[in-house]
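# Structural overview for review
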Amino acid sequence: MTVHLEVADGVGTIRLDRPPMNALDVATQDRLRELAEEAGRRDDVRAVVLWGGEKVFAAGADIKEMQAMDHAAMVLRSKALQDSFTAVARIPKPVVAALTGYALGGGCELALCADFRIAAENAKLGQPEILLGLIPGAGGTQRLARLVGPSKAKDLIFTGRHVKAEEALAIGLVDRVVPADEVYAQAHAWAARLAAGPALALRSAKESVDAGLETDIDTGLTIERNWFAGLFATEDRQIGMRSFVEEGPGKAKFL
């Protein structure tokens, strides 16, 4: 298998494993969707890390495989391609991408599906599809613009240039830059911290933010209000408020 799911301490690591560059061929895309859906279902997975290994996150799609496809083939395939990435974006739990080496094309688009991105000092990100006479097709034109704004997104998409970790941090494409040998450990530690939190509240927070970004402010506030009120029916809310009153803030132990 070219993608694996490993679970420890409430954190599921979705590991890309297709040496040497983790090129995202059709089989890898389909496996990614399967494991994203599995991670979303499993009770022992409370947060997720996306990880490509010590050397590279993912250098993009399998160009040789794509070169063999004609228009009709890609019309049929493009929906499944987007669905595999959307499955990652819709994991109803916190998702942290741990980026080493290249995160280009589909690799960058996969990183965009995470809630947080921790990058190695040697990481390079970008959407170089324009250099192939194409545009990003796995969500890059949409998720990148929503994350860094349309002007910066167009800069990267129009030129196809690579962005080093420092610039990626400056424009908001990644959230933290750390030494390469600390990337996975820091991503896992951050995910483990979130995994100890109230699962339903985290799920509600993620859906409220993500769904709210896709609609007008009034509809977004309605989404927020419904989730907020609904959480008053949960045991986690009882635990959190009881702990706050009896012990002070930040000491609750959630189930």
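Above: the structure in question.
Per-chain numbering applies: the sequence of each chain, read as written, is numbered from 1 onward. Reporting in this predicted model follows two pLDDT cut-offs: at least 70 for local features of residues, and 80 or more for side-chain atom pairs to be given and counted; totals over whole chains, interfaces and linings ignore these cut-offs and use all residues. Side-chain descriptors were evaluated using all non-hydrogen atoms of the structure, hydrogens and water having been removed beforehand.

## Observations regarding the sheet that holds strand β8 (residues 163-164)
Which entries qualify depends on this criterion: In this scheme, strands are said to pair when DSSP sees at least two bridges between them. Going along the chain from the N terminus, every DSSP run of H or I of four or more residues is numbered as a helix, and every run of E of two or more is numbered as a strand.
Strands sit in the order β5-β7-β8 across an open sheet of three strands; the sheet is mixed. The strands lining the two open edges of the sheet, one partner per strand, are β5 (102-104) and β8. As defined by bridge partners, strand β7 (residues 124-126) adjoins β8 across two bridges and the pair is classed as antiparallel. Within β8, the position partnered with K124 by the bridge is K164.

## Description of the side chain of S84
The following threshold applies: Classification of residues uses two cut-offs on accessible area relative to the type maximum, computed with a 1.4 Å probe and protein chains only: under 20% is buried, over 50% is exposed, and between them is partly exposed. Here a residue-residue contact requires only that any non-hydrogen atoms of the pair lie within 4.5 Å.
Within the fold, S84 resides in helix α3 (residues 71-89). Classification of S84 as buried rests on a relative accessible area of 0%. When neighbours within four sequence positions are excluded, S84 is seen to be in contact with Q29 and R33.

## Details of unusual backbone geometry
Of the consecutive residues P19 and P20, the connecting peptide bond is found in the cis state with omega at 5°. Here P20 lies in the loop between β2 (11-16) and α1 (26-41). Even without being glycine, D9 reaches a positive phi, approximately 55°. Inspection of the secondary structure assignment puts D9 in the loop between β1 (3-8) and β2. Residue D9 is classed as exposed on the basis of its relative accessible area of 68%. In this model, N22 sits at a positive phi of 55°, which is unusual for a non-glycine residue. With respect to the helices and strands, N22 occurs in the loop between β2 and α1.

## Considerations on the environment of P198
Inspection of the secondary structure assignment puts P198 in the loop between α8 (183-195) and α9 (199-213). Counting along the chain gives 152 residues from P198 to R46, while the straight-line C-alpha distance between them is 9.3 Å. If we skip the residues at most four places from it in the chain, P198 touches D236 and F254.

Function cannot be read off these values alone, since they describe shape.
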